[in-house]
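# Examination of the molecular architecture
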Amino acid sequence: MAQQQTGSKKRKAPAPQEGAASSSSQGSAAAADGEEPLVPKKQKLRAARCSLVHYLKGREVGAGDARHAGFEGQLRAYAVQKLPELLRERELALGTLNKVFASQWLNARQVVCGTKCNTLCVVDVQSGQITRIPLMRERRPGLARAQPNCGIHAIELNPSKTLLATGGENPNSLAVYRLPALDPVCLGDRHGHRDWIFAIAWISDTVVVSGSRDGTVALWRMDPDVISGSVAWHNDAGLPVYAHIRPKDVESIPRANTSSTNRKVRALAFSGKNQELGAVSLDGYFHLWKARSTLSRLLSIRLPYCRENVCLTYCDELSLYAVGSQSHVSFLDPRQSQQTIQPLCSREGGTGVRSLSFYEPIITVGTGHGALLFYDVRAQKFLQEGASASMDSSPGPVRRKLKLTCGRGGLNHDDLWVNYFGGAGNLPNALYTHCYNWPEMKLFVAGGPLPSRLHGNYAGLWS
């Protein structure tokens, strides 16, 4: 930086390069002596302006500044830690719908849900309005339709949020809709699964993988002409007609010696970072495939806790899979022979882990006992109550782990409820699904009674 002129204007200032070199050398010498180097006045002013207040003011007027880029990450990390304790519940009435198994945000006020009664619907979290979406039917009417105890177990949006994949009227089929209108695009009902689809994962904007109770995973590729709408799919009555597609690849779960019949695929999670697909099967194994134009199996790992492994999620930042079982959440890094992160115990009434999601290092756990728990994987501990109110480091009473307990929801008071559960009115709901809307700082949670034959539902907006 050029030195400031204090004398005659005729005096020539030193060259900027020499001044910079001189300042650098002086700063280095001062640092070596244990002293703070002299900071030019303009640099001090620039550092002072890199504050949270200046960042928020700049964001209000839409001014981007590279110097403030770090605040975005800091605010996000702070929000992830502090948001759960600030959330408050507002229950949503779902009428006669039975058990919400899957959900995804479509926009700031709409969530699409799939239920056990094989209903695909959009819930407006502001008005409470519920709009049912027609399910796609197979072209051969003789094929079996939805069975009463099945339903829609998976809903996933592609990375660009232009397509939605879920189940069809026949739960063995894969249905793809175009967003935001939810127009039908195609139905995967040819040479696909022979049993219910339990899990779905997109590996690109046009390629999706489904996992089924028949012990197979199928890779489906969307035709660009069908996606773009350049092909007119309407019948004589003007009703939409969708394409019927077949999978590009179908792979079977390898048989385990201990349980060769229980190879049902229960959950899928895709690593975009490594282009790998993880799967959990009910025989207690985690499987990994390289996912490209086809699926190539890399490994199978016996899980430490083998009962009711029903949910799976992945964190790109930590390169870590998390598996939810009856009593624990297990963490897996497929590239490590020795796992460094210990499983977390979640013994909520012995009802198990029913839903999982990662956001940065925080994993949200939905239990079968109507509770939400929050675990910091880096710190390897649950978030605690009162953490947001206590900003000092002074010692105090030991705080309990933060737990959000969901409302009662709706339960059918039928003969089964009276005869087998004694008309109990305090049965907790299993939280089968939850999804965050981080820009709006909202969390949608849904589920229903855990006993399979009980009819009821729960949905809540936490904000």
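Residues numbered from 1 in each chain as written. Predicted model: local features only at pLDDT ≥ 70, side-chain atom pairs only at ≥ 80, totals over all residues. Heavy atoms only, no water.

Let's shift gears to the environment of Glu 317. Here Glu 317 is to be found in the loop between β19 (311-315) and β20 (320-324). Overall, Glu 317 belongs to the partly exposed group, its relative accessible area being 43%. For the pair Glu 317 and Glu 360, spaced 43 residues apart in sequence, the C-alpha separation works out to 6.5 Å. The contact partners of Glu 317, leaving out residues within four places of it in the chain, are Glu 360, Pro 361 and Arg 378. (Helix = DSSP H or I, 4+ residues; strand = E, 2+ residues; numbered from the N terminus. Buried < 20%, exposed > 50% of the residue type's maximum accessible area, 1.4 Å probe, protein only. Contact = heavy atoms within 4.5 Å.)

Of all eight residues in strand β30 (residues 442-449), eight are buried, a share of seventy percent or more. Across five bridges, the pairing between β30 and strand β31 (residues 456-462) is antiparallel. Bridge pairing in β31 places Gly 447 opposite Tyr 458. If you look at the hairpin formed by β30 and β31, you'll find six residues sitting between the two strands. (Pairing = 2+ DSSP bridges.)

Let's shift gears to the pattern of salt bridges. Taken as a whole and assessed by the stated rule, the structure comprises eight salt bridges. In this structure, Glu 317 and Arg 378 form a salt bridge, with 2.6 Å as the shortest nitrogen-oxygen distance. Taken together, the residues span a long stretch of sequence, with Glu 317 in the loop between β19 and β20 and Arg 378 in the loop between β25 (371-376) and β26 (381-382) at a distance of 61 residues. Since its relative accessible area comes to 53%, Arg 378 is described here as exposed. A salt bridge links Glu 385 to Arg 400; the shortest N-O distance between them is 3.4 Å. With Glu 385 in the loop between β26 and β27 (403-405) and Arg 400 in the loop between β26 and β27, the pair connects residues that are 15 residues apart, well separated along the chain. One network of salt bridges, in which partners are shared, links Glu 276, Lys 290 and Arg 335. (Salt bridge = Lys/Arg side-chain N within 4 Å of Asp/Glu carboxyl O.)

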